[in-house]
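Spelled out, the chains give:
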There are 2 protein chains.
Amino acid sequence: MSGSPKTIRAVVEYDGTDFCGLQYQPPPLRSIAAELESVLAKLFHERIKITAAGRTDAGVHATGQVISFRCERDFPLERLTLALNANLPPDISVRESHVAADDFSARFSAFERRYVYHTYHAPMRSALAHRFAHHFYGSLDLEKMRTAAAALVGEHDFRSFCGELPERGPTVRTVQAIDIEERREFIVVNLRADGFLRHMARTIVGTLLEVGNARRQAGGMHDILAARSREAAGPTAPAHGLYLAGVRYADLDSFKEPLLLA
Amino acid sequence: MSGSPKTIRAVVEYDGTDFCGLQYQPPPLRSIAAELESVLAKLFHERIKITAAGRTDAGVHATGQVISFRCERDFPLERLTLALNANLPPDISVRESHVAADDFSARFSAFERRYVYHTYHAPMRSALAHRFAHHFYGSLDLEKMRTAAAALVGEHDFRSFCGELPERGPTVRTVQAIDIEERREFIVVNLRADGFLRHMARTIVGTLLEVGNARRQAGGMHDILAARSREAAGPTAPAHGLYLAGVRYADLDSFKEPLLLA
């Protein structure tokens, strides 16, 4: 059954632990893209290529990833979310799916991405948090972390926080906010920006943890930015604490707060 | 190095997903007991047998499981928790460990066990909750569930809620409380009793979900208890929503909420 070509948008959640990341890699590696594309091909009886708002790395989770794709054939769209969830593996789920404007792109139409980073801050590690939060047992001064975070807000060249330079284009990004809160044994860092360079969210968090742990001055952020060198910043915090929590478009904000399990 | 024999008590947390349960089963099955005993043998250089407060089934989690064991040899006990966590796999962790009274038994000295059951109540399943909560998408009337739960509180013969009868001893248990609360998309059932029969917590939850979903009358609990037959009760709710959250002793309450913070 063929119909008129459409652009579909879907909000996707995943437990990134057992994936090689969003982008396709040859089997036996499991990628989010390949799992979604294989189910879409089955449902639509055509080859479908997805575009995602954020190219999350191996181990990174998502509660509000957004994908888009073009399809030529019809599928009863009111049942698409259910059909996707019935066919996807348990560690990927679709929250909603809709027809979008013809020229919609999950990647290029987005104007804000929001990442959340979970640190389990306790002397002993937690078996229940091990897939979903980075364990940190040193002392942390949250006020110093907030001071350092504030210096990163705004439009800056984030090259020093970039693990792998983009093939083309600038390394300037605009960070709208970095909020840090404490919830029971967890330190939750919320990051909002127009876009993130590779490893940028994790390198910001790794650097802020060094500030909190008094291994780095809260006032040193300007120097790190000015250095325009990855060496200047702190370590890349582990992938398993990070969630792509939401993406903002003119007509949608996919944000969903990740749960804390402890 | 040998010393005077001691009884040690430890509070243990685990993600039960990849275990065959607490009790030993031959490899390649992984049991909580075998993992703990193998690390204890390594640290104490002797064969150690643990006793646990609750024999959790395959897939059941714990935030407040308590174990006890006897050891002949010395080990610097102030470092025991750290040493256990350094040697155990990531899905088991030890919250604390101490020397206990000589006659202490994690199983026989306990006078109350507390289980928590998480149901993810939403139309679509959640990839991030899939290891830690049972997905239920039908409608649920919490008031009816609370009425039914209240009828189970007190001393009763819980044979109808028992998946496998104990080898010996009565099937009478005293339930202190069954509390049901809603947190974001989750229904959290808290159960407290002097002890639980095999599958009792999960069969109570499975029956309460049928009541909530109008497939069973809230007033029918007395008849189920009186039947003294497993056929009379509802289904056993899936293992992955259940947590052994705490055990109470004269001098310790190991309760830790498996919190889902929204």
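Conventions we followed
- Residues numbered from 1 in each chain as written.
- Chains lettered and ligands numbered in written order.
- Predicted model: local features only at pLDDT ≥ 70, side-chain atom pairs only at ≥ 80, totals over all residues.
- Heavy atoms only, no water.
- Helix = DSSP H or I, 4+ residues; strand = E, 2+ residues; numbered from the N terminus.
- Buried < 20%, exposed > 50% of the residue type's maximum accessible area, 1.4 Å probe, protein only.
- Contact = heavy atoms within 4.5 Å.
- Buried area = accessible area lost by both parts, 1.4 Å probe.
- Salt bridge = Lys/Arg side-chain N within 4 Å of Asp/Glu carboxyl O.
- Polar contact = N/O pair within 3.5 Å; in protein donor to acceptor, adjacent residues only side chain to side chain.
- Nonpolar A, V, L, I, M, F, W, Y, C, P; charged D, E, K, R; others polar.
- Disulfide = S-S within 2.5 Å.
- Domains from an automatic or database assignment.
- Least-squares fit on C-alpha atoms with pLDDT ≥ 70 in both.
- Expected span 1.5 Å × (residues − 1).
- Phe/Tyr/Trp six-rings, centres within 6.5 Å; stacked < 30°, edge-to-face > 60°.

Section: unusual backbone geometry
Thought 1: The omega angle of the peptide bond from Pro27 of chain A to Pro28 of chain A is 10°, so this bond is cis rather than trans.
Thought 2: Located in the positive-phi region is Arg184 of chain B, a residue other than glycine, with phi close to 50°.
Thought 3: The phi torsion at Arg228 of chain B lies on the positive side, around 50°, for a residue other than glycine.
Thought 4: Mapped onto the fold, Arg228 of chain B is located in the loop between α5 (221-227) and β10 (242-249).
Thought 5: Residue classification places Arg228 of chain B among the partly exposed residues on the basis of a relative accessible area of 41%.

So, the interface of chain A and chain B
Thought 1: Facing the 37 residues of chain A at the interface are 38 residues of chain B.
Thought 2: Regarding the contact of chain A and chain B, the summed buried area is about 2,900 Å², with carbon and sulfur atoms giving 59% of it.
Thought 3: Per-residue buried area on chain A facing chain B is highest for Arg125, Leu128 and Leu259 of chain A; these three make up 24% of the total on that side.
Thought 4: Our enumeration of links across chain A and chain B arrives at 0 salt bridges.
Thought 5: Applying the counting rule to chain A against chain B returns 22 residue pairs in polar contact (both at pLDDT 80 or more).
Thought 6: Breaking the side of chain A that touches chain B down by element, the ones donating at least two residues are β1 (2-14), β3 (61-73), α2 (80-87), β4 (92-100) and β12 (260-261) of chain A.
Thought 7: Per-element accounting of the side of chain A that touches chain B gives the leading share, 4 residues, to β4 of chain A.
Thought 8: Within the side of chain A that touches chain B, the residues separate by chemical class into 19 nonpolar, 7 polar and 11 charged.

Examining the state of the cysteines
Thought 1: Following the criterion strictly, the structure yields 0 disulfides over all chains and no others.
Thought 2: Free of any disulfide, Cys20 of chain B has its nearest neighbouring cysteine sulfur in Cys162 of chain B, separated by 20 Å.

Focus: the domain arrangement of chain A
All names here are of chain A.
Thought 1: Assigned domains within chain A: domain 1 (2-100) and domain 2 (112-250).
Thought 2: The centre of domain 1, based on its C-alpha atoms, is set 27 Å off from the matching centre of domain 2.
Thought 3: Summed over both partners, the interface of domain 1 with domain 2 buries about 1,300 Å², with 51% contributed by carbon and sulfur atoms.
Thought 4: It is Ala53, Asp57 and His61 that lose the most area in domain 1 upon contact with domain 2, and together they represent 38% of the buried surface on that side.
Thought 5: For the interface between domain 1 and domain 2, the tally reads 4 salt bridges.
Thought 6: With a closest N to O distance of 3.0 Å, Arg131 and Asp15 form a salt bridge.
Thought 7: Counting across the interface, domain 1 meets domain 2 through 12 residue pairs in polar contact (both at pLDDT 80 or more).

Things to note about the relation of the copies chain A and chain B
Thought 1: Each copy superposes on the other: chain A lies on chain B with an RMSD of 0.2 Å after a rotation of 180° and an axial shift of 0.1 Å. The superposition of one copy onto the other is thereby described by a two-fold rotation axis.
Thought 2: Same-surface contact between copies: 97% of interface residues of chain A are shared with the interface of chain B.

With respect to helix α1 (residues 32-44) of chain B
Residue and element names in this part refer to chain B.
Thought 1: Between its terminal C-alpha atoms α1 stretches 18 Å, which fits the 18 Å expected from 13 residues at 1.5 Å a residue.
Thought 2: Of all the positions in α1, only Ile32, Ala33, Glu35, Leu36, Glu37, Val39, Leu40, Leu43 and Phe44 are classed as buried.
Thought 3: Phi turns positive, to about 55°, at His45, one or two residues after α1.

A closer look at the packing of aromatic side chains
Thought 1: For the structure shown, the criterion picks out 13 aromatic pairs over all chains.
Thought 2: Here Phe44 of chain B and Phe69 of chain B contribute two aromatic rings whose centre-to-centre distance is 5.9 Å and whose plane-to-plane angle is 70°, an arrangement assigned as edge-to-face. Taken as a pair, Phe44 of chain B in helix α1 and Phe69 of chain B in strand β3 (residues 61-73) lie far apart in primary sequence, 25 residues in all.
Thought 3: What makes Phe44 of chain B buried here is its relative accessible area of 1%.
Thought 4: Clustering of aromatic rings is evident, with ring pairs tying together Phe44, Phe69 and Phe75 of chain A.

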